[in-house]
Amino acid sequence: MGRSGNIILFISFVITQIILSSLIDFGPLLFISVYPLFLLTRPANTSLNSLLLWAFAMGMVVDYFSNSIMGINSAAALVMTLFQFRILRMVSRKGDFDSQVRPGLRELGLIRFVSYLVASLLIHHIAISLAESFGMTNFIYNLPRMLISLFVNTLIIMLIEFGLFYKNWR
Amino acid sequence: MWGKSPVIKFLITLLLFLTLEVISISFISNESVFQQAKISGVVVKLRSVMDGFTSGVKYYFGLQDVNDMLVKENLRLLKENERLKTRLSPEASLSSNTSLSADYAYIPAKIIANSTNKMHNYIILNKGSSHGVKKDMGVISSVGVVGVVSAVSERYSYVISFLNINQSVSAKISTSGAFGPMVWEGRRSDYALLKEIPFHIDFMVGDTVVTSGFSTLFPPDIPLGTVRKSSVTKGSYHEIQVKLFQNFNSLHYVNIVVNNNKDELDFIQRESNGSVR
């Protein structure tokens, strides 16, 4: 996977995110974000600095095309990226990921991948919740929205990962 | 040299993270700067394309012409109603030299993009400055308040939806006339909260809530919803949950409110503020 491959994947994730989030609209208790999968499955030897730049770019583009305030998704994606390698190191076995391996479902196995995904998404969703209400005041009140979205997004991302990347990635 | 020492490497990463995060947060707090950019270029085109793409799912094509006709009809009736109201009002009949122009005019518009699944929802309309739309005009439908115009380009306008936790509308209970701000609480798209209704006011479940007309944005007496339940806050106020008539998911056509007296009212307000100081 070269640089052009990464950019094509980036654009596909942006398009998927925009179409899904405008098609699936069940009211304010559910927001859709599938773009974290792109950031979470960057090869394990990517440097954290370039990953932060990827996250910022992804968040900004998604924010620009979504019908909301600029900066919310990029702020959340940056926070998630800061923690994602730490979580990956926690769930994977030692020495597993020194190389260019993509930390996906096939490489990590179901349980490890799901725990990696849920932990990272939880950080991402908490950050979105804080950025949206610009502080802690509505945090408890927004808890149902966060948890429902976490559940649905995990499900959608698992389907995408299983359907598109699980078998064809060789 | 650089990046060899783990401490320096860590500091560089931290600095990069903080810089990008600060940029993001400054974007959040300066949203109004970017609204203009959002409707001037790619977004609206992309949205139109996508609207065409998704409308097969969301929208029944055959009804479009009928809807157009109904919108025009509705507008004509609104205008007539407004004119008749002015003629009926006692102030108008007192002074014979007052012209009988209506207080409000309406510009019909179609929604290009809308959402209900965020805390800060926005709507893009297909009418802009070339059609006479200006910043800070109200947007209504026949069954409620839709929002307030926040940025205008030549052909499109960007509207802060009522489904936005920073937005509020002045509303009153039609039976008693008690008024207060109505806000959206961010839980469900068909409920809102009417706040600061004094404790001694009597009302019943099912009473209609309408716009108060105390702001220059919206005409009075647009039906908004019905009283569902209430609770007492701070010992002296009712906080009333209102079931909205408006269904934001199936909203396609709206009217932009042009207040013909807005300049005059704003001028008076400025004058009085000046004299107080």
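Predicted model, so just to flag it, every value in this text is computed and none were measured.

## Details of the overall build of chain A
Move 1: The helix and strand inventory of chain A stands at 7 helices and 0 strands.
Move 2: Looking at chain A as a whole, 54% of its 170 residues qualify as buried.
Move 3: At a minimum sequence separation of 6, the contacts of chain A that also span at least 24 residues come to 70%.
Move 4: Carbon together with sulfur atoms contributes 69% to the accessible area of chain A, which is approximately 7,600 Å² in total.

## As for the interface of chain B and chain A
Move 1: Each side of the interface is counted separately: chain B has 44 residues, and chain A has 40 residues.
Move 2: Taking both sides of the interface into account, the surface hidden between chain B and chain A amounts to around 3,900 Å²; carbon and sulfur atoms contribute 64%.
Move 3: It is Ile28(B), Asn117(B) and Arg187(B) that lose the most area in chain B upon contact with chain A, and together they represent 19% of the buried surface on that side.
Move 4: Counting across the chain B and chain A interface gives 7 residue pairs in polar contact (both at pLDDT 80 or more).

## Considerations on the pairing of strand β6 (residues 168–173) of chain B
Residues and elements named next belong to chain B.
Move 1: In this structure, β6 lies alongside strand β7 (residues 179–183), joined through 5 bridges in antiparallel fashion. Paired with Ala-171 across the two strands is Gly-180, which belongs to β7.
Move 2: Turn length for the β6-β7 hairpin, with the two strands adjacent in sequence and antiparallel, is 5 residues, and the turn residue Gly-177 shows positive phi of about 85 degrees.
Move 3: By the bridge criterion, 3 bridges tie β6 to strand β9 (residues 208–211) in an arrangement that is antiparallel. Each residue of the ladder has a partner; that of Lys-172, found in β9, is Val-210.

## Considering the packing of helix α6 (residues 110–133) of chain A against helix α7 (residues 143–165) of chain A
Residue and element names in this part refer to chain A.
Move 1: Taken N-terminus to C-terminus, the directions of α6 and α7 make an angle of 140 degrees; their axes are 9 Å apart at the nearest point. On the basis of the axis angle, α6 is oblique to α7. α7 is crossed by α6, and the crossing has right-handed handedness. For the pair α6 and α7, the contacting residues are Leu-110, Phe-113, Val-114, Leu-117, Val-118, Leu-121, Leu-122, His-125, Ile-126, Ser-129 and Glu-132 in the first and Arg-145, Met-146, Ser-149, Leu-150, Asn-153, Thr-154, Ile-157, Met-158 and Glu-161 in the second.
Move 2: Of the residues belonging to the contact of α6 with α7, the class tally is 12 nonpolar, 5 polar and 3 charged.

## What to know about the environment of Arg89(A)
Residues and elements named next belong to chain A.
Move 1: Tracing the chain through its elements places Arg-89 in helix α4 (residues 72–91).
Move 2: Take Arg-89: its relative accessible area is 63%, and that puts it in the exposed class.
Move 3: Linking Arg-89 and Tyr-116, residues 27 residues apart in sequence, is a C-alpha distance of 9.4 Å.

## Some details on the sheet that holds strand β2 (residues 120–125) of chain B
Residue and element names in this part refer to chain B.
Move 1: Here we have 6 strands rolled up into a closed barrel, ordered β1-β2-β5-β4-β3-β12, and antiparallel in their pairing. Across the sheet, the mean angle separating the axes of adjacent strands is 45 degrees when strand polarity is ignored.
Move 2: Pairing analysis gives 2 bridges linking strand β1 (residues 104–113) to β2, with the strands arranged antiparallel. In the strand pairing of β2, Ile-111 is matched with Leu-125.

## A closer look at empty space enclosed by the protein
Move 1: Taken as a whole and judged by the stated rule, the model has 3 cavities of 30 Å³ or more.
Move 2: By volume, the largest cavity is sized at about 190 Å³.
Move 3: Forming the boundary of the largest cavity are 18 residues, of which Phe31(A), Ile32(A), Ser66(A), Asn73(A) and Lys118(B) lie nearest the centre.
Move 4: Breaking the lining of the largest cavity down by element, the ones donating at least two residues are α1 (3–23), α3 (48–65), α4 and α6 of chain A.
Move 5: Across the lining of the largest cavity, the residue classes tally to 7 nonpolar, 7 polar and 4 charged.

## Some remarks on the side chain of Ser115(B)
Move 1: Structurally, Ser115(B) can be placed in the loop between β1 and β2.
Move 2: Ser115(B) gets classed as buried once you look at its relative accessible area, which sits at 5%.
Move 3: In this structure the side chain of Ser115(B) is engaged in a polar contact, spanning 2.9 Å, whose partner is the side chain of Asn121(B).
Move 4: Setting aside chain neighbours within four positions, we find Ser115(B) in contact with Asp25(A), Asn67(A), Asn121(B) and Tyr122(B).

## Focus: unusual backbone geometry
Residue and element names in this part refer to chain B.
Move 1: Positive phi values are uncommon outside glycine, yet Asp-136 reaches one of about 65 degrees.
Move 2: Among the residues examined, Asp-136 registers a relative accessible area of 37% and is labelled partly exposed.
Move 3: Despite not being glycine, Asp-221 shows a phi value in the positive range, around 65 degrees.
Move 4: Mapped onto the fold, Asp-221 is located in the loop between β9 and β10 (223–233).
Move 5: Judged by its relative accessible area of 47%, Asp-221 falls in the partly exposed class.

## Quick notes on the sheet that holds strand β8 (residues 191–198) of chain B
Residue and element names in this part refer to chain B.
Move 1: Overall, antiparallel pairing links the 6 strands, which are arranged β6-β7-β8-β11-β10-β9 in a closed barrel. In this sheet, neighbouring strand axes are inclined to one another by 40 degrees on average, regardless of whether the strands run parallel or antiparallel.
Move 2: Strand direction decides the pairing type here: β8 and strand β11 (residues 237–244), joined by 6 bridges, are antiparallel. Bridge pairing links Ile-197 to His-238 in β11.

## Quick look at the pairing of strand β5 (residues 157–164) of chain B
Residues and elements named next belong to chain B.
Move 1: Counting buried residues in β5 gives 7 out of 8 residues, a clear majority hidden from the surface.
Move 2: For β2 and β5, the ladder comprises 5 bridges, and the chain directions are antiparallel. Of the residues in β5, the one forming a bridge with Tyr-122 is Ile-160.
Move 3: In this sheet, β5 lies alongside strand β4 (residues 144–152) in antiparallel orientation, the contact comprising 5 bridges. If you follow Val-152 over to β5, its bridge partner there is Ser-157.
Move 4: From the end of β4 to the start of β5, which pair antiparallel, there are 4 residues.

Parameters and conventions
Residues numbered from 1 in each chain as written. Chains lettered and ligands numbered in written order. Predicted model: local features only at pLDDT ≥ 70, side-chain atom pairs only at ≥ 80, totals over all residues. Heavy atoms only, no water. Helix = DSSP H or I, 4+ residues; strand = E, 2+ residues; numbered from the N terminus. Buried < 20%, exposed > 50% of the residue type's maximum accessible area, 1.4 Å probe, protein only. Contact = heavy atoms within 4.5 Å. Areas by Shrake-Rupley, 256 points an atom, 1.4 Å probe, with all protein chains shown as cover. Buried area = accessible area lost by both parts, 1.4 Å probe. Polar contact = N/O pair within 3.5 Å; in protein donor to acceptor, adjacent residues only side chain to side chain. Pairing = 2+ DSSP bridges. Axes fitted to C-alpha atoms, helices over the stretch in contact; angles between N-to-C directions. Parallel < 35°, antiparallel > 145°, perpendicular 65-115°, else oblique. Left-handed = near helix turned anticlockwise from the far one by under 90°. Nonpolar A, V, L, I, M, F, W, Y, C, P; charged D, E, K, R; others polar. 1 Å grid on protein atoms, 1.4 Å probe; cavity = no way out; pocket = protein on both sides within 12 Å on 5 of 7 lines; lining within 4 Å. Points joined across faces, edges and corners; volume = space filled by probe spheres on them.

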